[in-house]
Amino acid sequence: MADKGAERLSRKTYEKELLRLQTELVRLQEWVRAEGARLVVVFEGRDAAGKGGTIKRVAEHLNPRIARIAALPKPTERERSQWYFQRYVEQLPAAGEIVLFDRSWYNRAGVEHVMGFCTKEEYHLFLRQCPLFERMLVEAGIVLRKYWFSVSDTEQQDRFRRRLEDPLRRWKLSPMDLESITHWEAYSRAKDAMMVHTDIPEAPWFVVESDDKRRARLNMIAHLLSSVPYHEVPPPVLELPERPTSTGYERPPRDLQTYVPDHAAGL
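Source: prediction; values computed, not measured.

(A) Geometry of the pairing of strand E3 (residues 97–102). Pairing geometry for strand E1 (residues 38–45) and E3, over six bridges, is parallel. Residue pairing in the sheet places valine 41 in a bridge with leucine 100 of E3. Two strands pair when backbone bridges link them, and strand E2 (residues 67–70) and E3 are joined in this way by four bridges, in the parallel orientation. Pairing of alanine 70 across the sheet is with phenylalanine 101, part of E3.

In structure tokens:
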């Protein structure tokens, strides 16, 4: 468990350790590919808790053909008529793949329940079915890890304020995000109930203290690596071939093609 009173991690220490952990993530990826494993990582937590930034660091150096991010939009009318878990099942990995869920089926236990987007019957059915669903995934051989990013109310407020003032990050805010401030205790009760019903031995929850984003990212990645029994897979032997001698090819004149203006020259 992270020490809430600990000093914020320095950028130098953070970047050095992040690079080491990302190198290990590449090794994990190669193990998943070679062994035909299936890895699912669920990222959940309050708005502005740091899930998105952590997912970016996890996926930054991974092969997008192997590791992909699943961030589903709100369901369509057709999807609303399906079994609730159905559209998430479609996102599950095949052999040799990793799926990072930027929010997941736990939407029903959080925002849908708190904001009244589902009925009480649908909510309680989810709490009964979710442990069964996840046991089925694990029994089928899927490696499932679930992380809850925990942020304090004051830190969340500060992050919302910084997003409002930053034109590069304002898109991250929605009216629903801001409304969550007025439902802080309701979300807390929903999270507590979710944990009681879905923190099961086969798929336990792991809580990430995330007031310090740098610590949160390193702690989450280090835990993931320590919890998966991967091993290093020897890379294929590759050799750079010699460039063949020219056979007379001549490049067409440059004025026959349209080039983008040299914007950088004016800097």
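(B) Geometry of the sheet that holds E2. Here we have five strands laid out as an open sheet, ordered E2-E3-E1-E4-E5, and parallel in their pairing. Looking at which strands have only one partner, the edges of the open sheet turn out to be E2 and strand E5 (205–209). Put simply, the sheet's adjacent strands are angled 20° from each other on average, direction ignored. Its contacts with the sheet place helix H10 (residues 213–227) against E1, strand E4 (143–150) and E5, and it is angled at close to 160° to E4.

(C) Highlighting unusual backbone geometry. Positive phi is not limited to glycine here, since alanine 48 has a value of about 65°. Along the chain, alanine 48 turns up in the loop between E1 and helix H2 (51–59). Judged by relative accessible area, alanine 48 falls into the buried class, the value being 6%. In this structure, arginine 103 is a non-glycine residue whose phi angle is positive, near 70°. Mapped onto the elements of the fold, arginine 103 is located in the loop between E3 and helix H5 (111–114).

(D) The arrangement of the environment of aspartate 199 in detail. The residue aspartate 199 is located in the loop between helix H9 (184–198) and E5 in this model. Between the C-alpha atoms of aspartate 199 and leucine 125, which are 74 residues apart in sequence, the distance is 16 Å. What aspartate 199 contacts, discounting residues up to four positions off in sequence, is Met194, Pro204 and Trp205. There is a polar contact of 2.8 Å between the side chain of aspartate 199 and the backbone nitrogen of tryptophan 205.

(E) Expanded view of empty space enclosed by the protein. Tallied over the entire structure, the rule returns one cavity of 30 Å³ or more. In this structure, the largest cavity spans a volume of roughly 40 Å³. Among the elements of the structure, helix H1 (11–35) and E3 are those that each provide at least two residues to the lining of the largest cavity.

Reading the values: the criteria
- Just so you know, the residues in each chain are numbered from 1, in the order the chain's sequence is written.
- Local features in this predicted model are restricted to residues whose pLDDT is 70 or higher, and side-chain atom pairs enter the listing and the counts only when it is 80 or higher, whereas totals over whole chains, interfaces and linings include all residues.
- Note that the side-chain values use all heavy atoms of the structure and ignore hydrogens as well as water.
- Only strands that DSSP links by at least two bridges are regarded as paired with each other.
- Secondary structure follows DSSP: runs of H or I at least 4 residues long count as helices, runs of E at least 2 residues long count as strands, and numbering of each begins at the N terminus.
- Simply put, an axis is a line fit to the C-alpha atoms, just over the touching stretch for a helix, and the angle between two N-to-C directions goes from 0 to 180 degrees.
- Contact between two residues is taken to exist if any of their heavy atoms lie within 4.5 Å; hydrogens are not considered.
- Each residue is assigned to one of three classes by its accessible area relative to the maximum for its type, calculated with a 1.4 Å probe on protein chains only: buried under 20%, partly exposed between the two thresholds, exposed over 50%.
- Whenever two N or O atoms come within 3.5 Å, that pair is a polar contact, provided that in protein one can donate a hydrogen and the other can accept it, and provided that, for residues adjacent in sequence, both atoms are side-chain atoms.
- Grid points spaced at 1 Å and placed over the protein atoms alone form the basis of the search, with a cavity being a set where a 1.4 Å probe fits but cannot get out and a pocket an open set showing protein on both sides within 12 Å along at least five of seven lines. Lining residues have an atom within 4 Å of a point.
- Grid points are joined across faces, edges and corners, and a volume is the space filled by probe spheres set on the points.

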